[in-house]
Amino acid sequence: MSSRRNPQASTLDPQCVLRARIVLPISRPPISDGAVLISGERLTAVGRWRDLSADFSGKILDLGEVALLPGLVNAHCHLDYTNMAGQFPPPKLFTDWIKLITTTKAEWAYSDFAESWLAGAKMLLRTGTTTVGDIENVPELLPEVWDATPLRVLSFLEMTGIRSRRQPLAILKETAKRIDALPVARCRAGLSPHAPYSTLPELVQSSAEMARRRNWPIAIHVAESAQEFYMFVRGQGAMFDWLRRNERDMSDCGLGSPIQHLERCGALGENLLAIHVNYLAAKDAALLAKRKVSVVHCPRSHAYFRHDPFPLRSLMRAGINICLATDSLASVYKPHHQSVELNLFEEMRVFTANFPAVPPRRVLQMVTTNAARALGLKGQVGELSATAFADVIAVPFAGNTASVHDALVHHSGDVAASMIHGQWAVPPMESALTTPVRQGASAG
């Protein structure tokens, strides 16, 4: 694995203008025949082409028949599981899948995880993701994998500790020390006590306290399965029995829902990404809203496990910030002789099929502004606005502003171009860089 930056990345001039048929800032209405002005790693202006070009004498790149929008923000992924795609048929019980993936991970070498991480990163780049919140099962990969991709990565270092029998504070101190040793630039790190069932309450509580104190984001898988929900609410069931056989202290079960468990641990807060949240007790949505928690839904993973319908209406009614994400390819159904990839456009299509009443504009927000807010990057990524990072993607599009949201939600295939931090991660075709500047009326 090379420690050099992605060889695809190429630097733009210090100042340039990108022109496109449609510019979709997300945070404001689409702009026909629009443009963005880039200075270094930041956007400095977004508007109509004729306005931005009037007094500009620098480099102009006409991208042609595309929609230019912020790079997609994937709030939850397991890049190091990418090469497990298709290895596990959809399980009857969630605990069956846990046992299978735990066994597989034990058989993998460091190089397997590294190759898998990088393969997943390349998939995300091709399909429009520019920022990813990744759960790091093998934190030793950092920071080398960061340097091998242009992606903006927020790495959540995973902690469990039940099977290792280690003291929670020792686990947390080791993880914090590892984070402190990492460089802070385009990529950074946070904490991930894996899940309420796999992490002792003391570790969840101390992690939440440290994350708030140090302004770190924190991600926890919670209320993912019916087995987990039943275990915490009733203090019994298949997951309860399995974990008790593995000598987990079960005294925190039978006291309420997994969400209520996190509240007792002091973990609910604005810096928390609650991953999945597929099962809710009566007052859980209101509690999440009160604590300003963001919820991350992974449509294809949800379908793979055949969970009950995602409680979207309850969460939206409570005003909760909801994101869409890919999860890992270890929990995406892979048809025989077909390939699957990490792709937020695929997640949007599945979500839209399940919830057709949600407007395409709202769906796009779930992979841009909503996800940026969840990762603590509001105003920095997920939107085209002055002072935001120059993280943009171009998607082939020849329509008008009225149809752009719907067309993007249903887009398939790779993006035409991708830029991260003011550098090309997926360069546009050479013809776009040399095309004479279009003159005259709006392209819309």
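Every chain is numbered on its own, with residues counted from 1 as its sequence reads. Whole-chain, interface and lining totals are the exception, using all residues; otherwise, since this is a predicted model, local features are given only for residues with pLDDT of at least 70 and side-chain atom pairs are given and counted only at 80 or more. Computation of side-chain values: all heavy atoms of the structure, hydrogens and water removed.

Trainee: Describe the overall build of the protein chain, and please don't skip the residues or the numbers.
Mentor: Under the DSSP-based scheme used, a helix requires at least four consecutive residues in state H or I and a strand at least two consecutive residues in state E, with every element numbered from the N terminus. For the protein chain, the count of helices and strands is 17 helices and 17 strands. When the backbone C-alpha atoms are referred to their principal axes, the protein chain occupies close to 70 × 50 × 45 Å. Across the 444 residues of the protein chain, 58% fall into the buried class. Within the protein chain, residue pairs in contact and separated by at least 24 positions form 73% of the contacts whose partners lie at least 6 positions apart. Type-normalised accessible area, obtained with a 1.4 Å probe on protein chains alone, sets the label of each residue: buried when under 20%, exposed when over 50%, and partly exposed for intermediate values. Here, two residues are considered to be in contact whenever any of their heavy atoms come within 4.5 Å of each other.

Trainee: Describe the environment of P70, naming the residues involved and giving the relevant values.
Mentor: Within the element layout of this structure, P70 appears in strand β6 (residues 66–70). Put simply, P70 and L243 are 173 residues apart on the chain and 43 Å apart in space, counted from C-alpha to C-alpha. In contact with P70, not counting residues within four places along its chain, are L24, P25, I26, T368, G382, E383, L384, D391, V392 and I393.

Trainee: Please give an account of empty space enclosed by the protein that cites residues and values.
Mentor: The gaps of empty space that remain are located by a probe, the size of a water molecule, rolled over the atoms. Only protein atoms enter the 1 Å grid used here, on which a cavity is any set of points holding a 1.4 Å probe that cannot leave and a pocket is any open set flanked by protein within 12 Å on both sides along at least five of seven lines; residues with an atom within 4 Å of a point are listed as lining. Grid points are joined across faces, edges and corners, and a volume is the space filled by probe spheres set on the points. Summed over the entire model, instances satisfying the criterion amount to one cavity of 30 Å³ or more. Contributing to the lining of the largest cavity are H276, N278, H297, C298, S301, H302 and H307. Three classes are used: nonpolar for Ala, Val, Leu, Ile, Met, Phe, Trp, Tyr, Cys and Pro, charged for Asp, Glu, Lys and Arg, and polar for all others, with Gly counted as polar. The residue makeup of the lining of the largest cavity, split by class, is one nonpolar, six polar and no charged.

Trainee: Please provide a residue-by-residue account of the layout of surface pockets, values included.
Mentor: Quantified by volume, the largest pocket comes out at close to 1100 Å³. Lining the largest pocket are 39 residues, and of these T102, K105, N137, E158 and T160 sit closest to its centre. Sorting the residues of the lining of the largest pocket by element identifies α2 (94–107), β9 (152–159), α5 (168–180) and α8 (238–245) as the ones contributing at least two each. The class makeup of the residues in the lining of the largest pocket is 15 nonpolar, 14 polar and ten charged.

Trainee: Describe in detail the confidence of the model for the protein chain, supporting the description with residues and values.
Mentor: When the pLDDT values of the protein chain are averaged, the result is 93; 93% of them are 70 or greater. Long-range and interchain partners of residues 1–9, a stretch whose pLDDT sits below 50, account for 26 contacts in this model, where long-range means more than four residues apart. Predicted confidence is poor over residues 433–444, with pLDDT under 50, and the contacts of this stretch with residues over four places away or in other chains come to 28 contacts. Scored between 0 and 100, pLDDT is the confidence that the predictor attaches to each residue.

Trainee: Help me get a handle on the nonpolar core, residues and values and all.
Mentor: As used in this record, nonpolar core signifies buried Ala, Val, Leu, Ile, Met, Phe, Trp, Tyr and Cys residues forming a set joined through side-chain atoms within 4.5 Å. Counting residues in hydrophobic clusters, the biggest one holds 108 residues, and the most contacted among them are W97, W117, W146, Y197, M231, L288 and M348. Broken down by element, the residue count for this core peaks at eight residues, all from helix α3 (residues 110–126). Ignoring anything within four residues of it in the chain, the contact list for W97 reads F88, P91, Y304, F305, A330 and S331. Residues A20, V36, L384 and V392 belong to the second largest nonpolar core, which totals 20 residues.

Trainee: Outline the side chain of H261, listing residues and values.
Mentor: If you trace the backbone, H261 turns up in helix α9 (residues 258–264). Ignoring sequence-local partners within four residues, the contact set of H261 consists of P196, P201, F232 and D252.

Trainee: So what about the side chain of N278? Which residues, and what values?
Mentor: Structurally, the position occupied by N278 is in the loop between β12 (272–276) and α10 (284–290). Every residue in contact with N278, bar those within four places of it in the chain, is listed here: A223, E224, H297, H302, H307, P309, F310 and P311.

Trainee: Please set out α3 residue by residue, giving values where relevant.
Mentor: In this scheme, a helix's expected span is set at 1.5 Å multiplied by one less than its residue total. For α3, spanning 17 residues, the distance from its first C-alpha to its last is 25 Å, which sits close to the expected 24 Å at 1.5 Å a residue. Listed as buried for α3 are F113, A114, S116, W117, L118, G120, A121, M123, L124 and L125. Where α3 terminates, the next one or two residues include G128, which has phi positive at roughly 100°.

Trainee: Hey, could you go over the pairing of strand β4 (residues 42–48) for me, with residue numbers and the actual values?
Mentor: Remember that side chains alternate between the two faces of the sheet whenever the strand is regular. Pairing of strand β3 (residues 31–39) with β4, which is carried by six bridges, proceeds in the antiparallel orientation. For L37, the partnering residue across the bridge sits in β4 and is A45. Counting the residues between successive antiparallel strands, the hairpin from β3 to β4 contains two residues, one of them, G40, with a positive phi of roughly 65°. A pair of strands counts as paired when DSSP detects no fewer than two bridges linking them.

Trainee: Which residues make up unusual backbone geometry, and what values do they have?
Mentor: Going from L142 to P143, the amide bond is cis rather than trans, its omega being 0°. Within the secondary structure, P143 sits in the loop between β8 (129–136) and α4 (144–147). Even without being a glycine, V277 presents a positive backbone phi close to 50°. Phi angles above zero are rare outside glycine, and H421 is one such case at about 60°. As for its position among the elements, H421 is in the loop between β16 (417–420) and β17 (423–426). Using a relative accessible area of 22% as the deciding quantity, one classes H421 as partly exposed.

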